[in-house]
Amino acid sequence: MSSERRHLTSPTELRALSHPTRLTLLTLLDEEGPLTATEAGERIGESPANASFHLRTLARYGYVEEAPGGRGRQRPWQVVRRANDIPGDELSTEAKLAADALLGLIRDRDNERLLAYARTRGDYPKEWRSAATEIRMSLHLTAAELAELGERIEELLQPYVEGTAGEERRPGTAPVAFGMFAVPTRLPADEDEGDAR
């Protein structure tokens, strides 16, 4: 993954990502590696032409790129790994609406993945069932500590995400969904509403 963060502030780009087929294609390429539009379309139940259209749209915004080893209709596509950031305080009204739609779709998909795992957990080997985890806890942090926590977790993840785009998957690995949210659940006790905005 590139250390450069992509700041999503354009309503057009946010709307482009909000399409369910495009998010499905991004997930597919992330989990399976490079695929042609025909292969990707077959796996998600779309025509090659429709998959190709959505892949070209994702490429226009820098989310996928052509992978080596193909030409014309047989060219494979791969994910461009880069951290994405939606800086809510910097968004226009139009961009905020698009961001809310995108984040709602992503959160729904995250929840679907968790529920799908819960339904199929027994199908996984014991070592995978033991390794899978859900952590929930309540912490009392300052804003600076919350920011530091996020940065430290991102640092811990870096060795697992670096250098995987376009490469063969290591034997014994499987796609793992990692999601995290760390948000305040109410305003700090020593601030009034006017100061917090």
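For the structure given in this document, a descriptive report is provided here. (Residues numbered from 1 in each chain as written. Predicted model: local features only at pLDDT ≥ 70, side-chain atom pairs only at ≥ 80, totals over all residues. Heavy atoms only, no water.)

Moving on, we get to the nonpolar core. Judged by nonpolar contacts, the single largest core of 24 residues is most densely connected at Leu14, Leu17, Leu26, Leu29, Leu55, Leu58 and Val64. Put simply, the parts of the chain that give this core at least two residues each are helix H1 (11-17), helix H2 (20-32), helix H3 (37-44), helix H4 (48-60), strand S3 (77-79) and helix H5 (93-120). Once residues lying within four places of it in the same chain are set aside, the contact partners of leucine 58 are Leu17, Arg22, Leu25, Leu26, Tyr63 and Val64. (Core = buried A, V, L, I, M, F, W, Y, C linked by side-chain atoms within 4.5 Å. Buried < 20%, exposed > 50% of the residue type's maximum accessible area, 1.4 Å probe, protein only. Helix = DSSP H or I, 4+ residues; strand = E, 2+ residues; numbered from the N terminus. Contact = heavy atoms within 4.5 Å.)

Attention now goes to the environment of proline 76. Within the fold, proline 76 resides in the loop between strand S2 (64-66) and S3. Through-space distance from the C-alpha of proline 76 to that of glutamate 39 is 8.9 Å; in sequence the pair is 37 residues apart. If sequence neighbours within four positions are ignored, proline 76 has contacts with Pro34, Leu35, Thr36, Glu65, Glu66, Ala67, Pro68, Gly69 and Gly70.

As a further point, take the packing of aromatic side chains. The tally for this structure, following the rule as stated, stands at one aromatic pair. Aromatic pair tyrosine 117 and tyrosine 124: ring centres 5.3 Å apart, planes at 55°, arrangement tilted. Note that arginine 6 overlies the ring of tyrosine 63, its terminal NZ or CZ placed 3.9 Å from the centroid. (Phe/Tyr/Trp six-rings, centres within 6.5 Å; stacked < 30°, edge-to-face > 60°. Lys NZ or Arg CZ within 6 Å of the ring centre and 35° of its normal.)

This next bit is on the side chain of threonine 57. When you line up the elements, threonine 57 lands in helix H4. Owing to a relative accessible area of 5%, threonine 57 belongs among the buried residues under this scheme. Excluding its chain neighbours within four sequence positions, the residues that come into contact with threonine 57 are Ala16 and Arg22.

On the surface, Ile135, Met137, Leu139 and Leu141 cluster together into a nonpolar patch covering about 440 Å² of accessible area. As for its placement among the helices and strands, isoleucine 135 is situated in the loop between helix H6 (126-131) and helix H7 (143-161). (Patch = residues over 30% accessible without salt bridge, like charges linked within 9 Å, V, L, I, M, F, W, Y side chains within 5 Å. Areas by Shrake-Rupley, 256 points an atom, 1.4 Å probe, with all protein chains shown as cover. Salt bridge = Lys/Arg side-chain N within 4 Å of Asp/Glu carboxyl O.)

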